[in-house]
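Structural features, examined
If you want the building blocks of each chain, they are given just below.
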Amino acid sequence: EGMTSLSAASTSLPPLVGEAGHHALLDLLKSSWQFRDVPELRPILVCLLKRLGEHTPVQMLRRLGAKKADSEELKNAELMSQLGISMRRLVWEADWDAKIEAIANCTEENMAACEEAITLRGTTILADLIKDSVQSYTTDVALVASADLAFVRTMSERRYITKL
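Described in the following lines is the structure provided in the data block. Position numbers for residues start from 1 in each chain and track the written sequence from start to end. Note on the predicted model: pLDDT of at least 70 is required for a residue's local features to be given, and 80 or more for side-chain atom pairs to be given and counted; whole-chain, interface and lining totals, by contrast, use all residues. Side-chain numbers come from the whole structure's heavy atoms, not from hydrogens or water.

Some remarks on helix H1 (residues 19–32)
In plain terms, the rule: By the criteria applied, helices consist of DSSP H or I runs no shorter than four residues and strands consist of E runs no shorter than two, each listed in order from the N terminus. One less than the number of residues in a helix, times 1.5 Å, gives the span that helix is expected to have. Here the term buried applies to any residue with accessible area under 20% of the maximum for its type, exposed to any over 50%, and partly exposed to those in between, with areas from a 1.4 Å probe on protein chains only. This arc is built from the directions going out from the helix axis to the C-beta atoms. Any two residues whose heavy atoms approach within 4.5 Å at even a single point are treated as in contact.
Taking 1.5 Å of rise per residue, the 14 residues of H1 would be expected to cover 20 Å, and the 20 Å separating its terminal C-alpha atoms lies within 8% of that figure. Every buried residue of H1 is listed here: His-22, Leu-25, Leu-26, Leu-29 and Ser-32. Down the axis of H1, the buried set is contained in an arc of 135°. They therefore lie on one face. Facing away from the buried side of H1 by over 90 degrees, the exposed positions are Glu-19 and Ala-20. Next to the buried residues of H1 lie helix H2 (42–52) and helix H3 (58–64).

Below, the structure written as structure tokens:
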């Protein structure tokens, strides 16, 4: 499934793991990836990902953040739910970097479509996570009214507010 490039990944080594140990972890990760949908074997993959941490190859992070065809759902949502916030952040960043790389390779004709990929209407994992929060924030009357209080129309209003 395209995991052959993991063993040649150029990442710095995790602490307390020599080069041979690092390659062994990558080989084990490559071998265990095919069992990601087997609930009994998934803890092995989760343990490997946690052990590699920030040294997890970008290809693996992008694979973790892959979405189902014709859906906004992640293919590996169950696996992602078992990872800590630091690993999820790495997946979000890898997804974002992939979108930025795609924009860099866009032509003038499709630049608008490419740039929309990194907005809230886009397809990044981060956008999917915050869309509902932003929507509820912008439609909450009390929050919108509170936000408007920070902006005064005249200088005298500002002086009055700061004196209170």
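Some points on the pattern of salt bridges
The condition that has to hold: Whenever Lys or Arg places a side-chain nitrogen within 4 Å of a carboxyl oxygen from Asp or Glu, that contact is recorded as a salt bridge.
Applying the stated rule across the entire model yields 5 salt bridges. With a closest N to O distance of 3.2 Å, Glu-78 and Arg-42 form a salt bridge. Separated by 36 residues along the polypeptide, Glu-78 in helix H4 (residues 77–81) and Arg-42 in helix H2 bring together distant segments of the chain. Since its relative accessible area comes to 52%, Glu-78 is described here as exposed. For Arg-42, a relative accessible area of 7% translates into the label buried. In this structure, a network of salt bridges that share partners links the residues Glu-54, Arg-89 and Glu-93.

In short, shape yes, function no, at least from these values alone.
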